[in-house]
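Below are the chains, spelled out letter by letter.
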Amino acid sequence: MEFFKCLFGVVVVAVLACDVSAQHYWSLPNEKAPLLPQKQVAVPPPASSFDECQVVQEDKIQCGTADITAEHCENINCCFDGHQCFYGKAVTVQCTRDGQFVVVVARDATLPKVDTESVSLLDTDDPACAPVDVTSAFAIFQFSATACGTTFKEEEGHVVYENHLSSAYEVGVGPRGSITRDSHFELLFQCRYSDTSVEALVMEVDVVPPPESVASAGILRVELRLGSGQCQTKGCLEENAAYSTFYNHADYPVTKVLREPVYVEVTILDRSDPNLVLNLEHCWATANPNPQSIPQWDLLIDGCPYHDDRYLTTVVPIDGSSGLLYPTHHKRFVIKMFTFVDQSDFSPQKDTVFIHCSTEVCYPSSTQSCEQTCHRQRRAVAPMGRISASRRSLVSSGQVILTDY
């Protein structure tokens, strides 16, 4: 398997304007740069508690001039802390009267956070199209509306200039599919000039399919479920809390953001023999409920993390301290949420993800241990002739949906 970089982006249309020539607001705070009031629909926040104006002091980049008022600062879609006007944790697009774009992309505009050094315009050959400044928290662009691949059109009384901003994302290519865990969005922005108006619009559409039920098969009854517990007290271990409660049928589809942990448990049902040991032969993910469908992404092979995944699956040890009546009847592992990408052009599909595991039940003896030992290379698997078809089973999760926020 190999990893490489692709381009990505959120579909955003933003139209703004100002009434003077372009200024480097972030580096020359003493210059006068009055801006017209601007109407913009902000990029949706990652969570309800998210405040785009909560920027630490060392990351703040000045928006407008040093003597700007709080009202004027808000009108140009920036944040004001009582002393300074600065860019928030969002994507801010501003257009100058003399035909310049100013675009500021915040690291926190996406989940996971975007790498500001990877953000670029589609036209990367012209040095004038490179960012004028890049920090760990922001990427800042300023360029002419007639350069860097900007397109021009007239539309219902408006003169419209349009361009695209994108960033890189890493793709993992496996033998039966490809995935990414990086944020992926495309920023489409416009400056629309007319005699009477300045408008802005930001659009993002996420379609959530209907829920699917948890599926299981085989004579041996095995269940795959996803942990939903959360830490409620200080010092709590997230991994322990996650397996305290589980999503039920009504909770599906479950939504996750890229790289968010997904806590998986596979359990033998209705058995009380303490000698039984559940083993996971193979666990993988698909984009639909059919476990044989393509694309696929391996999670565990012979019970061990798929070593060609940069974000290795974590196998969670279970012993007598777990509080489970029969610890050997359970297997747990944690994956980081991802999305499948198209095999032809590696564009993110924003597909749903289904998790599948083929399982077996083992009886330990004096000549055979049921322990699955993991090494860097895939271990050799001894034939287990005593395991009949009735002790093997395939089990699948319900639907897990990738969401941007």
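Right above here is the structure, for reference.
In this report, we go over the structure that sits alongside the text. This one's a predicted model, so the numbers in the text were calculated from it and none came from an experiment.

Criteria and thresholds
Residues numbered from 1 in each chain as written. Predicted model: local features only at pLDDT ≥ 70, side-chain atom pairs only at ≥ 80, totals over all residues. Heavy atoms only, no water. Pairing = 2+ DSSP bridges. Helix = DSSP H or I, 4+ residues; strand = E, 2+ residues; numbered from the N terminus. Buried < 20%, exposed > 50% of the residue type's maximum accessible area, 1.4 Å probe, protein only. Disulfide = S-S within 2.5 Å.

1. Quick word on the sheet that holds strand E8 (residues 138-144)
Whether parallel or antiparallel, the strands of a sheet pair through hydrogen bonds between backbone atoms.
Point 1. Reading across the sheet, the four strands line up as E4-E5-E8-E7 and stay open at both edges, with antiparallel pairing between neighbours. Strands at the two margins of the open sheet, each flanked by one partner only, are strand E4 (91-95) and strand E7 (133-134).
Point 2. Inspection of the sheet shows strand E5 (residues 100-106) paired to E8 by seven bridges, in the antiparallel sense. Its bridge partner lying in E8, Phe101 is registered against Phe143.

2. Notes on the pairing of strand E21 (residues 330-336)
Point 1. Burial runs high along E21: five of the seven residues are buried.
Point 2. As paired strands, strand E20 (residues 314-316) and E21 are joined by three bridges and run antiparallel to one another. Bridge pairing links Thr314 to Val334 in E21.

3. Details of the state of the cysteines
Point 1. Scanning the entire structure with this criterion turns up eight disulfides.
Point 2. The disulfide partner of Cys63 is Cys78, and the S-S distance across this bridge is 2.1 Å. Measuring handedness by torsion sign, the sulfur bridge of Cys63 and Cys78 sits at about 70 degrees and is right-handed. On the criterion of sequence distance, the pair formed by Cys63 in the loop between strand E1 (2-8) and helix H1 (70-75) and Cys78 in the loop between H1 and strand E2 (79-80) is long-range, its members being 15 residues apart. Each member of the pair Cys63 and Cys78 is classed as buried.
Point 3. Covalently, Cys283 is tied to Cys357 through a disulfide, its sulfur atoms 2.0 Å apart.

4. A few points about unusual backbone geometry
Point 1. Residue Tyr252 is joined to Pro253 through a cis peptide bond whose omega torsion reads 5 degrees.
Point 2. Looking at the secondary structure, you find Pro253 in the loop between helix H2 (238-242) and strand E15 (254-256).
Point 3. Of note, the amide linkage connecting Ile294 to Pro295 takes the cis form, showing an omega dihedral of 10 degrees.
Point 4. Here Pro295 lies in the loop between strand E17 (277-286) and strand E18 (296-301).
Point 5. The residue Arg259 is not glycine, and still its phi comes out positive at about 70 degrees.

Interpretation in functional terms is not warranted from these geometric data alone.
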